[in-house]
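# Structural characterization, general
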Amino acid sequence: MRYFVAFLFLIFSTTGFSQTGVVQKKIHGTIINGNTTFPLADANIININKVIGTTSNNRGNFDIDADVNDTLHITIIGFQSLRVKVTNDWVKNGNAKIELTEKAIALEEVVVKKYSLTGYLEVDTKLIPEKENYRYSISGLPQGYEEGEYSPKAFSRVMNSIFNPADMLYNFFGKRPKELRKLKEMKKDNTVKALLETKFDRETLAILLGIDKKDIPEILQHCNYSEAFIQTANDLQILDAISQCYEQYKVLRK
């Protein structure tokens, strides 16, 4: 009798699980070049819903934890990024081939320098900017606010941006609590962290936050980060900046 009851419990538990329509397991996939059908190694695969990631091996294969209807964001240098949804068929079949399309972009050689110096002191002293970026410490907050070039009204602009309830920060942070909770999760996964550290295009970061990447510079401007930082920081640094700004916003809204 005891074994019969346990058997019935197992049946009903399995039935109840299937009725939810949600299947969570490790799925398998293969990344290939859409033109040559050759496998692509070191492609980055991120589960946007769970904020976890992995990379494809030298055969293009990868495994990742996912539920049905989760979205995977796939990127690799030289190819168009792609978002695919995990379907019931994918889970049942056990594997899926995902084709990526090569980018048809010819890049010219670029030499990156902090300053374009000529070697002539009289000329170079005029090329190097005299003003630096400043950050202000605010009592009660763990981090300061950066205000680009120094000016007499810089501090007042910082305070106005922080305490104005109708500004962009209020609208952005107040309407996205679910997405912004992902900020801490993004740095817990080593694959996601390593990927953001190498990227400067804001694409993956924007997708994880559920915003348009064009909004990111505006958010950072309202957090009073300088234009130099916004233009040169990698995506992991941008993530840290938005995270710090969000934590300060929560303190000031209490």
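One can find the structure itself at the top, above this paragraph.
Residues numbered from 1 in each chain as written. Predicted model: local features only at pLDDT ≥ 70, side-chain atom pairs only at ≥ 80, totals over all residues. Heavy atoms only, no water.

### A look at the environment of Thr232
Position of Thr232 relative to the elements: it lies in helix H11 (residues 227-232). The spatial distance from the C-alpha of Thr232 to the C-alpha of Phe200 is 7.9 Å, given a sequence separation of 32 residues. A distance of 2.7 Å separates the side chain of Thr232 from the backbone oxygen of Ala228, its partner in a polar contact. (Helix = DSSP H or I, 4+ residues; strand = E, 2+ residues; numbered from the N terminus. Polar contact = N/O pair within 3.5 Å; in protein donor to acceptor, adjacent residues only side chain to side chain.)

### A few points about the pattern of salt bridges
Opposite charge on two side chains permits pairing when their charged atoms draw close. Summed over all chains, the structure comprises seven salt bridges. One salt bridge in this structure joins Glu185 and Lys188, with 3.2 Å as the shortest N-O distance. Judged by its relative accessible area of 60%, Lys188 falls in the exposed class. For Asp201, the salt bridge goes to Lys199, with nearest N and O atoms at 3.3 Å. For Asp201, a relative accessible area of 32% corresponds to the partly exposed category. It is possible to trace a salt-bridge network through shared partners that takes in Lys50, Asp67 and Asp70. (Salt bridge = Lys/Arg side-chain N within 4 Å of Asp/Glu carboxyl O. Buried < 20%, exposed > 50% of the residue type's maximum accessible area, 1.4 Å probe, protein only.)

### Observations regarding the state of the cysteines
Think of a disulfide as a covalent bridge from one cysteine sulfur atom to another cysteine sulfur atom. If you walk through the whole model with that rule in mind, you get one disulfide. Two residues share a disulfide in this structure: Cys223 and Cys245, whose sulfurs sit 2.0 Å from each other. Judged by the sign of its S-S torsion, about -90°, the bond between Cys223 and Cys245 is left-handed. Placement of the pair is Cys223 in the loop between helix H10 (215-222) and H11 and Cys245 in helix H12 (residues 235-253), with a sequence separation of 22 residues. In terms of burial, Cys223 and Cys245 fall into one category: buried. (Disulfide = S-S within 2.5 Å.)

### Observations regarding the sheet that holds strand E5 (residues 71-75)
Spatial strand order, E3-E2-E5-E6: four strands in an open sheet with antiparallel pairing. For this open sheet the edge positions go to strand E3 (52-55) and strand E6 (82-85), each flanked by a neighbour on one side alone. Taking each pair of neighbouring strands and ignoring which way they run, the sheet shows an average axis angle of 25°. The pairing of strand E2 (residues 44-47) with E5 spans four bridges and is antiparallel. The residue bridging Ile45 from the neighbouring strand is Ile74, located in E5. (Pairing = 2+ DSSP bridges. Axes fitted to C-alpha atoms, helices over the stretch in contact; angles between N-to-C directions.)

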